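Descriptive structure summary
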Amino acid sequence: MEYLLIFSQDDEDLILYHVLKNIEKICWIDAGANHPVHASVTKFFSLRGG
């Protein structure tokens with residue numbers, strides 16, 4: 001069983017993970033001005049190397 005550490009407020013990163021998990025190569029841009037960890041949707045992906 002894989003445990004996932006999520007950072008977003010409403011599980012957006014977890015939802016995106018499940019939608020995109022079968023895509024081999026993905027690129028994302030973090031264009032926000034919020035805290036880099038607290039309530040971050042992209043922190044989850046940056047820790048996973050994506």
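First, a word on scope: everything that follows refers to the structure included in this document. (Residues numbered from 1 in each chain as written. Predicted model: local features only at pLDDT ≥ 70, side-chain atom pairs only at ≥ 80, totals over all residues. Heavy atoms only, no water.)

**Topic: the packing of aromatic side chains**
The description of two aromatic rings rests on the distance between their centres and on the angle between their planes. Throughout the structure, instances matching the rule amount to two aromatic pairs. Ring centres of Y17 and F44 lie 5.6 Å apart, and the angle between their planes is 80°; this geometry places the pair in the edge-to-face category. Of this pair, Y17 sits in helix 1 (residues 12-20) while F44 sits in helix 2 (residues 43-47), and the two are 27 residues apart along the sequence. When its relative accessible area of 14% is taken as the criterion, Y17 is described as buried. When the ring of F44 is compared with that of F45, the centres are 5.1 Å apart and the planes differ by 85°; the resulting orientation is edge-to-face. Exposure remark for F44: the relative accessible area of 3% places this residue in the buried category. What makes F45 buried here is its relative accessible area of 15%. Joined through ring pairs, the aromatic side chains of Y17, F44 and F45 make up one cluster. (Phe/Tyr/Trp six-rings, centres within 6.5 Å; stacked < 30°, edge-to-face > 60°. Helix = DSSP H or I, 4+ residues; strand = E, 2+ residues; numbered from the N terminus. Buried < 20%, exposed > 50% of the residue type's maximum accessible area, 1.4 Å probe, protein only.)

**Let's talk about the environment of Q9**
Within the element layout of this structure, Q9 appears in the segment before helix 1. Looking at Q9, the relative accessible area reads 63%, which means it is exposed. Once the C-alpha coordinates of Q9 and R48 are considered, the two residues, 39 residues apart in sequence, prove to be 19 Å apart.

**Some details on the pattern of salt bridges**
Any two side chains of opposite charge can pair, given that their charged atoms come close. This model, assessed by the stated rule, comprises one salt bridge. With a closest N to O distance of 3.0 Å, E2 and R48 form a salt bridge. Here the residue E2 occupies a position in the segment before helix 1, and R48 occupies one in the segment after helix 2, the gap between them amounting to 46 residues. On the accessibility criterion, R48 (43% relative accessible area) is partly exposed. (Salt bridge = Lys/Arg side-chain N within 4 Å of Asp/Glu carboxyl O.)

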